[in-house]
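Now for the letters of each chain:
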Amino acid sequence: MLSHLPLMAIPLVLYNLGVIGLFGTDPWDSQLFLITMISGGTWAMTLGDLLLVLALILMFVEIMKSTRTSNASLVDHMLSTGVFIIFLVEFLLVAGAASSIFFLLMLIALLDVLAGFSVSLRAASRDVNLR
């Protein structure tokens, strides 16, 4: 049953935990590390950047899950669509979600839904034998 859990719910929950103050005041702007590059420029990684990286990795796993052709994949797509709808409603109605990090997470959730349906349709069309 855990294999049907939409993985994009993880960044949604983590962001919301940060917004309500469990990790401190707005943890997403806090710098994790700073690296001076050979060019002399500096690259800083924030906690919000790390959350976006996690979301991209989870989206890749979701796309791999969508290649399965079974009745369970329909449930996966419905749950992923539900997570995107939660992202969208929260973005529009919750003041703490009005940030570029949350917007990018919502966009990743949308791409997860679109890619999941596209990959599933492509994989299912290969399974259909026309006579």
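Just above, that's the structure.
Procedures and definitions
- Residues numbered from 1 in each chain as written.
- Predicted model: local features only at pLDDT ≥ 70, side-chain atom pairs only at ≥ 80, totals over all residues.
- Heavy atoms only, no water.
- 1 Å grid on protein atoms, 1.4 Å probe; cavity = no way out; pocket = protein on both sides within 12 Å on 5 of 7 lines; lining within 4 Å.
- Points joined across faces, edges and corners; volume = space filled by probe spheres on them.
- Helix = DSSP H or I, 4+ residues; strand = E, 2+ residues; numbered from the N terminus.
- Nonpolar A, V, L, I, M, F, W, Y, C, P; charged D, E, K, R; others polar.
- Salt bridge = Lys/Arg side-chain N within 4 Å of Asp/Glu carboxyl O.
- Buried < 20%, exposed > 50% of the residue type's maximum accessible area, 1.4 Å probe, protein only.
- Patch = residues over 30% accessible without salt bridge, like charges linked within 9 Å, V, L, I, M, F, W, Y side chains within 5 Å.
- Areas by Shrake-Rupley, 256 points an atom, 1.4 Å probe, with all protein chains shown as cover.
- Phe/Tyr/Trp six-rings, centres within 6.5 Å; stacked < 30°, edge-to-face > 60°.

Caption draft 1: Here's a closer look at empty space enclosed by the protein. Under the counting rule described, the total for this entry stands at 1 cavity of 30 Å³ or more. Its boundaries defined by the atoms lining it, the largest cavity holds a volume of some 70 Å³. If you go around the largest cavity, the residues you meet are Glu62, Lys65, Ser66, Asp76, His77, Ser80, Asp112, Val113 and Gly116. Only α2 (47-65), α3 (71-93) and α4 (100-127) provide two or more residues apiece to the lining of the largest cavity. Grouping the constituent residues of the lining of the largest cavity by class yields 1 nonpolar, 4 polar and 4 charged.

Caption draft 2: Inspection of the pattern of salt bridges at higher detail. Scanning all chains against the criterion turns up 1 salt bridge. Between Glu62 and Lys65 there is a salt bridge, with the nearest N and O atoms lying 3.2 Å from each other. With Glu62 and Lys65 both in helix α2 and 3 residues apart, the pair spans about one turn of that helix. Exposure remark for Glu62: the relative accessible area of 5% places this residue in the buried category. Taking the relative accessible area as the measure of exposure, Lys65 reaches 15% and is therefore buried.

Caption draft 3: Representation of a nonpolar patch on the surface in the model. Taken together, Leu32, Phe33, Ile35, Met37, Trp43, Leu50, Val53, Ile57, Phe60, Val61 and Met64 make up a surface patch of nonpolar side chains, about 970 Å² in accessible area. Elements that contribute at least two residues to the nonpolar patch include exactly β1 (31-36) and α2. By secondary structure assignment, the location of Phe60 is in helix α2.

Caption draft 4: The arrangement of the packing of aromatic side chains in detail. All told, the structure shown has 6 aromatic pairs when counted by the stated rule. Geometrically, the ring pair formed by Tyr15 and Trp28 is stacked, given 5.6 Å between the ring centres and 10° between the ring planes. With Tyr15 in helix α1 (residues 9-19) and Trp28 in the loop between α1 and β1, the pair connects residues that are 13 residues apart, well separated along the chain. Trp28 carries the same exposure label as Tyr15, and that label is buried. Judged by centre distance (5.2 Å) and plane angle (50°), the ring pair of Phe87 and Phe102 falls under tilted. Taken as a pair, Phe87 in helix α3 and Phe102 in helix α4 lie far apart in primary sequence, 15 residues in all.

What is shown is where atoms sit, not what they do.
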